[in-house]
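# Structural overview
Residues per chain, in single letters:
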Amino acid sequence: MAGAPAMAVSGGLSRADAYARADALTALGRKMFFDPSLSASHALACASCHAPSAGFSPADAAPIRFGGPHLDQPGGRAVPSLTYIEVTPAFTEHEFDGEEEGDPSVDNGPTGGLDWDGRADRGRDQARFPLLAPNEMANASPAAVVASVRAAPYAGEVRALSGGSDDAALFRTVVAALEAFEQDPATFYPYTSKFDAYLAGKATLSNAEARGLKLFEDEDKGNCASCHRSQVDATGTPPQFTDYGMIALGLPRNPAIPANKDPNFYDLGLCGPYRTDFAGEADYCGLFKTPSLRNVARRKTFFHNGVFTSLRDAVAFYVYRDVQPERFYPRRADGSVAIYDDLPERYRQNLNQDPPFGGKPGDRPALTEAEIDDVVAFLKTLDDGYQPPHAGVSSSR
Ligand code: HEC
Ligand code: HEC
């Protein structure tokens with residue numbers, strides 16, 4: 001960059017200065033992400049819930065986390081992974097994507113946004129929630145966050161990047177730094193999975209992985225790719241394994257979530273209660289955002305309510321939901337199966353019924369047990385950090 005003519009890009013910053021500022025924000029965000037002193041308990045960092053080893057989701061299989069000043073306030077949902085969220089589109093109620101769906105007049109419905117219900121649009125908006133949420137980092141106010149920041153070893157960096165030292169300016173820098181860190185490619189979207197190597201012609205899928213990919217894409221079998229897209233798009237962006245659509249899957253209720261002790265409480269996703277702008281919008285009840293499946297094999301809990309703790313069980317749910325519901329849902333006193341027990345009856349027309357769902361109890365499942373194993377084998381190729389077998393290791397010299 002040295003010697004390049006200084007070009008004004010924005011706010012009077014030269015291009016080189018803008019890059020330097022972005023780098024400084026990212027480095028600062030990384031420090032804050034791992035800093036428990038930013039929470040009221042002084043014991044909870046972003047990384048306590050979003051652990052790097054698990055694709056930035058929790059390192060253990062507890063369905064929800066506890067936060068608050070004394071770490072006794074339960075969360076309501078499983079913690080999502082943070083890898084590959086940087087290209088999440090802003091939330092919209094009406095998504096028209098002619099290129100992928102073949103017909104630009106088709107309204108694909110609510111799509112995008114951060115969190116399981118899409119209620120935050122940008123990392124900096126999202127970062128306010130955990131910092132201030134009473135059951136997460138539980139700071140009483142932005143000023144409380146700033147007070148911790150002023151006492152942190154990186155206080156000088158925050159001030160230097162803020163262009164002011166009032167609370168509002170410092171807090172803006174805090175959330176901008178966290179957002180910048182979440183957009184760091186090497187950390188959050190490296191595209192170093194075996195599947196990426198395979199797309200680049202640098203790795204071969206095993207037989208099971210190759211069969212799994214086929215089943216994942218086959219519209220009559222797994223049909224997974226209809227939502228978890230697996231193709232490079234027209235702009236050349238590698239597949240994100242999500243179309244960001246909001247869908248009702250009818251997951252079993254998770255009794256381990258404290259809020260579910262109240263039989264009248266339902267987490268209905270897009271229509272509330274955590275999201276409030278679509279309260280009473282019956283068509284939206286039970287809908288949650290389709291997550292990326294990159295690094296999914298690193299997760300310890302699956303789906304918005306963390307009801308499954310193994311990837312195989314998560315895949316089997318799709319296959320058996322309608323044909324063997326007794327595998328997942330509890331029985332009522334009369335012995336009948338309480339299918340879709342986490343979605344009140346009046347919202348059940350919202351449930352997705354496309355393959356691999358559909359059919360009635362006793363029908364043949366869309367995938368065999370061996371095919372479920374193949375899909376799981378394929379999903380494991382989506383973990384970043386793939387090391388190709390060392391060339392020449394087995395060959396004679
Ligand atoms: C106590 C656990 C906990 C802590 C601490 C925490 N988070 Fe989260 N995070 C969650 C949960 C739970 C969700 C999902 C919330 C929802 O969908 O309603 C989430 C969602 C997110 C999302 C949206 C991801 C997506 O796929 O849409 C981002 C981004 C995020 N957190 C970043 C952060 C940052 C940055 C911090 C630190 C400032 C942080 N989190 C601290 C539990 C936590
Ligand atoms: C109709 C759209 C759709 C189809 C088809 C679909 N999924 Fe999903 N998938 C979703 C949505 C939506 C969620 C999140 C739902 C929730 O948590 O309530 C999800 C979540 C998941 C999760 C949990 C991820 C996490 O971060 O917790 C896995 C694993 C998964 N899907 C795998 C698959 C596989 C394998 C297939 C094919 C057999 C498939 N999906 C087919 C929409 C779909």
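Residues numbered from 1 in each chain as written. Chains lettered and ligands numbered in written order. Predicted model: local features only at pLDDT ≥ 70, side-chain atom pairs only at ≥ 80, totals over all residues. Heavy atoms only, no water.

An unreviewed UniProt entry lists the protein chain under the name C-type cytochrome, with Ancylobacter mangrovi as the source organism.

## Details of the overall build of the protein chain
For clarity, the cut-off: Working definition: helices are DSSP H or I runs of at least four residues, strands are E runs of at least two. Numbering for both runs from the N terminus. Between buried and exposed lies partly exposed: a residue is buried under 20% and exposed over 50% of the maximum accessible area for its type, with that area taken using a 1.4 Å probe on protein chains only. Residues count as neighbours in contact if any of their non-hydrogen atoms are within 4.5 Å of one another. Note on areas: Shrake-Rupley, 1.4 Å probe, and residue coverage restricted to the protein chains presented here.
If you tally the helices and strands in the protein chain, you get twelve helices and six strands. With the C-alpha coordinates aligned to their principal axes, the bounding extent of the protein chain is approximately 65 × 65 × 45 Å. Expressed as a percentage of its 397 residues, the buried residues of the protein chain come to 49%. Counting contacts in the protein chain only where the partners sit at least 6 residues apart, residues at least 24 apart contribute 63% of the total. Accessible surface for the protein chain amounts to roughly 19,000 Å². Of this, 54% is attributable to carbon and sulfur atoms.

## A short note on the domain arrangement of the protein chain
Much of the literature gives interface size as the accessible area that the parts lose upon coming together. Our working definition: Where each domain begins and ends follows an automated or database-derived domain assignment. Two parts placed together each lose some accessible area; with a 1.4 Å probe, that loss summed over both constitutes the buried area. Think of a salt bridge as a Lys or Arg side-chain nitrogen and an Asp or Glu carboxyl oxygen that are within 4 Å of each other. Residue polarity follows a fixed list, in which Ala, Val, Leu, Ile, Met, Phe, Trp, Tyr, Cys and Pro are nonpolar, Asp, Glu, Lys and Arg are charged, and the others, Gly among them, are polar.
What the domain assignment lists for the protein chain is domain 1 (8–188) and domain 2 (194–382). Between the C-alpha centres of domain 1 and domain 2 there is a distance of 26 Å. Listed by partner, the interface residues are 39 residues for domain 1 and 35 residues for domain 2. With both sides pooled, the region where domain 1 packs onto domain 2 buries about 3,100 Å², and carbon together with sulfur makes up 57% of that total. Joining domain 1 to domain 2, the criterion identifies one salt bridge. The element that contributes the greatest number of residues to the side of domain 1 that touches domain 2 is helix α3 (residues 98–101), accounting for three residues. Taken together, the residues of the side of domain 1 that touches domain 2 sort by class into 18 nonpolar, eleven polar and ten charged.

## Side note on the site of ligand 2
For clarity, the cut-off: A single heavy atom is enough: if one lies within 4 Å of a molecule or strand, its residue is considered near that molecule or strand. Within 3.5 Å is the distance limit for a polar contact, defined as a pair of N or O atoms, with the added protein rule that one can donate a hydrogen and the other accept it, and that residues adjacent in sequence qualify only through two side-chain atoms.
Taken together, the neighbourhood of ligand 2 is formed by 25 residues, with C224, C227, H228, H304 and Y318 sitting nearest. Contact between ligand 2 and R299: an oxygen atom at 3.0 Å from a side-chain N or O atom of the residue. The separation between an oxygen atom of ligand 2 and a polar side-chain atom of H304 is 2.7 Å. The element contributing the most residues to the shell around ligand 2 is helix α11 (residues 311–320), with three residues. For the shell around ligand 2, the per-class residue count stands at 16 nonpolar, seven polar and two charged.

## Some thoughts on the nonpolar core
Nonpolar side chains in soluble globular proteins tend to end up buried together. Formally: As used in this record, nonpolar core signifies buried Ala, Val, Leu, Ile, Met, Phe, Trp, Tyr and Cys residues forming a set joined through side-chain atoms within 4.5 Å.
Core analysis: the biggest nonpolar cluster contains 48 residues, and F216, F317, I372, F378 and L379 have the highest contact counts within it. Going through the elements one at a time, α10 (207–217), α11 and α12 (369–379) are the ones with two or more residues in this core. The element best represented in this core is α11, accounting for seven residues. Apart from the residues lying within four places of it in its own chain, the contact partners of F378 are F195, E209, G212, L213, F216 and F241. Counting 33 residues, the second-largest nonpolar core is a separate cluster that includes M32, L82, L131 and V174.

## Thoughts on α10
The line we're drawing: The directions from the helix axis to the C-beta atoms form the arc being described.
Listing the buried residues of α10 in full gives E209, G212, L213, L215 and F216. All buried residues of α10 lie within an arc of 165 degrees about the axis, which places them on one face of the element. Turned more than 90 degrees from where α10 packs its buried face, N207 and K214 sit exposed. On its buried face, α10 is in contact with α9 (194–199) and α12.

## Quick look at the coordination of the iron atom of ligand 1
Stated precisely, the cut-off is as follows: Nitrogen, oxygen and sulfur within 2.8 Å of a metal are treated as its donors, or within 3.2 Å for sodium, potassium and calcium (Na, K, Ca); water is not counted, so a site can appear incomplete.
No protein donor other than H50 (NE2) coordinates the iron atom of ligand 1, and that contact is at 2.1 Å. Looking at the element boundaries, H50 is found in the loop between α2 (46–49) and β3 (66–67).

## A word on the site of ligand 1
Taken together, 25 residues lie around ligand 1, and C46, C49, H50, D115 and R119 are the ones closest in. The separation between an oxygen atom of ligand 1 and a polar main-chain atom of W116 is 2.8 Å. Between ligand 1 and the protein, one listed contact pairs a nitrogen atom with a side-chain N or O atom of Q126 at 3.4 Å. Elements supplying a minimum of two residues to the shell around ligand 1: α2, α4 (123–132) and α7 (167–182). Looking at the shell around ligand 1, the element that brings in the most residues is α4, giving three residues. Its residues assigned to classes, the shell around ligand 1 shows 15 nonpolar, three polar and seven charged.

## Let's talk about unusual backbone geometry
A cis amide bond, omega 5 degrees, links G272 with the succeeding residue P273. Residue P356 follows P355 across a cis peptide bond; omega there is 10 degrees. One can find P356 in the loop between α11 and α12. In this structure, Y191 is a non-glycine residue whose phi angle is positive, near 55 degrees.

## Some words on the packing of α10 against α12
Our working rule: Note on geometry: axes are C-alpha line fits, over the in-contact stretch for helices, and angles between N-to-C directions span 0 to 180 degrees. Our angle categories are set so that under 35 degrees counts as roughly parallel, over 145 as roughly antiparallel, 65 to 115 as roughly perpendicular, and the remainder as oblique.
Contact geometry of α10 with α12 gives a least axis separation of 7 Å together with a crossing angle of 100 degrees. Taken as axis vectors, α10 and α12 run roughly perpendicular relative to one another. Touching A208, E209, R211, G212, L213, L215 and F216 of α10 are E371, D374, V375, A377, F378 and L379, all from α12. Its residues placed into classes, the contact of α10 with α12 shows eight nonpolar, one polar and four charged.

## Description of the packing of α11 against α12
Let me state the cut-off plainly: Crossings are sorted by hand: turned counterclockwise from the far helix by less than a right angle, the near helix makes the crossing left-handed, and turned clockwise it makes it right-handed.
With their axes 10 Å apart at the nearest point, α11 and α12 run at an angle of 130 degrees to one another. One element, α11, and the other, α12, form an angle in the oblique class. In the crossing of α11 with α12, the sense of the turn from one axis to the other is right-handed. Between α11 and α12, the contacting residues are L311, R312, V315, A316, V319 and Y320 on the first element and E369, I372, D373, V375, V376 and L379 on the second. Residues of the contact of α11 with α12, tallied by class, amount to nine nonpolar, no polar and three charged.

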